[in-house]
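Spelled out, the chains give:
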Amino acid sequence: MKLVMRRHIVLAVIILAMGLFALAQPAAAASDCTRAKGNLLVADNGNGTTSGTITQGGKLNGTTHAVFTSGLTATPDANTFSYTDDFTVTTNKGVLKTHNIGIFDVGLGLFSEIARIDPNASTGAFAGATGVLYINGTTTDGGATFQAEITGEICAN
C-alpha cells in the first residue's frame, strides 16, 4: 500500500508542477520586451506641434509628430517649465503612440520627457504594445529645433 500511495503522490506532484508551468507561460509571453534606443531630430512647427525623424532606432526609425496638450506650466525653478504632449512615431512597421509629460529648462535649453506607450492607439507591430520611452535632449537655437536621444522599453502584447 505504501508503494501505491507513493505513486499517487508522485503523480499528483507531477500534475501540479505541469499545471503551474502552464500558468506561468502567459506571464513569460507578456514580458516580451525589447530595448529601444534612437536619435530624434525635430522642428517646431509654430502651431503647438513638432515634426521630425528618428534615426538609428531600428524598428523606431521613421517620422514623428507631437501635439502639445498643455501650455508651459511653471515649476518651483523659475527657468524650468512642465508640459504634456501626444507623440506619434510612424514607421514601416506601424504607428507607435505615446502620451508624454516633460520638463524644459529654457535657460539651458535642456528637456526631458517620460513617454508612456498607448497600447490602444498604436497599430501594426506596435498594436497592444506597452512600455515607457525616455526622451532627453537639447535645443541650441532657442527652440526652433531639438536634438534628443530616445531610450526605453517596448513590450509586445
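This one's a predicted model, so the numbers in the text were calculated from it and none came from an experiment.

(A) Summary view of the side chain of T88. Within the secondary structure, T88 sits in strand β5 (residues 80-91). Of the residues examined, T88 reaches a relative accessible area of 16% and is grouped as buried. Engagement of the side chain of T88 in a polar contact is seen with the side chain of K97, the distance being 3.4 Å. Those residues in contact with T88 that lie beyond four places of it in its chain are T63, T64, H65, V95, L96 and K97.

(B) Representation of the pairing of strand β3 (residues 62-68) within the structure. Where strand β2 (residues 49-55) meets β3, six bridges bridge the pair, whose relative direction is antiparallel. From the neighbouring strand, T50 faces β3, where its bridge partner is A66. Hairpin connection, β2 to β3: the antiparallel pair is bridged by six residues, and Q56 has positive phi, about 55°. Pairing analysis gives six bridges linking β3 to β5, with the strands arranged antiparallel. Looking at β5, one finds that V67 is bridged to D86.

(C) Structural context of the layout of surface pockets. Approximately 410 Å³ is the volume attributed to the largest pocket. The wall of the largest pocket is formed by 20 residues, among which T50, F68, Y83, E113 and F146 lie closest to the centre. Elements with a minimum of two residues in the lining of the largest pocket: β1 (33-44), β3, β5, β6 (94-105) and β7 (110-117). Residues that form the lining of the largest pocket fall into these classes: eleven nonpolar, six polar and three charged.

(D) Quick look at the pattern of salt bridges. Under the counting rule described, the total for this entry stands at one salt bridge. K37 is paired through a salt bridge with E149; the nearest N and O atoms lie 3.8 Å apart. Placement of K37 in strand β1 and of E149 in strand β9 (residues 145-155) is noted, with a sequence separation of 112 residues between them.

(E) Looking closely at the pairing of β9. The sheet contact formed by β1 and β9 spans eleven bridges and is antiparallel. Paired with A36 across the strands is G152, a residue of β9. Pairing of strand β8 (residues 130-138) with β9, which is carried by nine bridges, proceeds in the antiparallel orientation. Across the sheet, the residue bridging to G137 is A148, located in β9. In textbook terms, the turn of a hairpin is the stretch between consecutive antiparallel strands, and for β8 and β9 this stretch comprises six residues, one of which, G142, has a positive phi near 75°.

Reading the values: rules and limits
- Residues numbered from 1 in each chain as written.
- Predicted model: local features only at pLDDT ≥ 70, side-chain atom pairs only at ≥ 80, totals over all residues.
- Heavy atoms only, no water.
- Helix = DSSP H or I, 4+ residues; strand = E, 2+ residues; numbered from the N terminus.
- Buried < 20%, exposed > 50% of the residue type's maximum accessible area, 1.4 Å probe, protein only.
- Polar contact = N/O pair within 3.5 Å; in protein donor to acceptor, adjacent residues only side chain to side chain.
- Contact = heavy atoms within 4.5 Å.
- Pairing = 2+ DSSP bridges.
- 1 Å grid on protein atoms, 1.4 Å probe; cavity = no way out; pocket = protein on both sides within 12 Å on 5 of 7 lines; lining within 4 Å.
- Points joined across faces, edges and corners; volume = space filled by probe spheres on them.
- Nonpolar A, V, L, I, M, F, W, Y, C, P; charged D, E, K, R; others polar.
- Salt bridge = Lys/Arg side-chain N within 4 Å of Asp/Glu carboxyl O.

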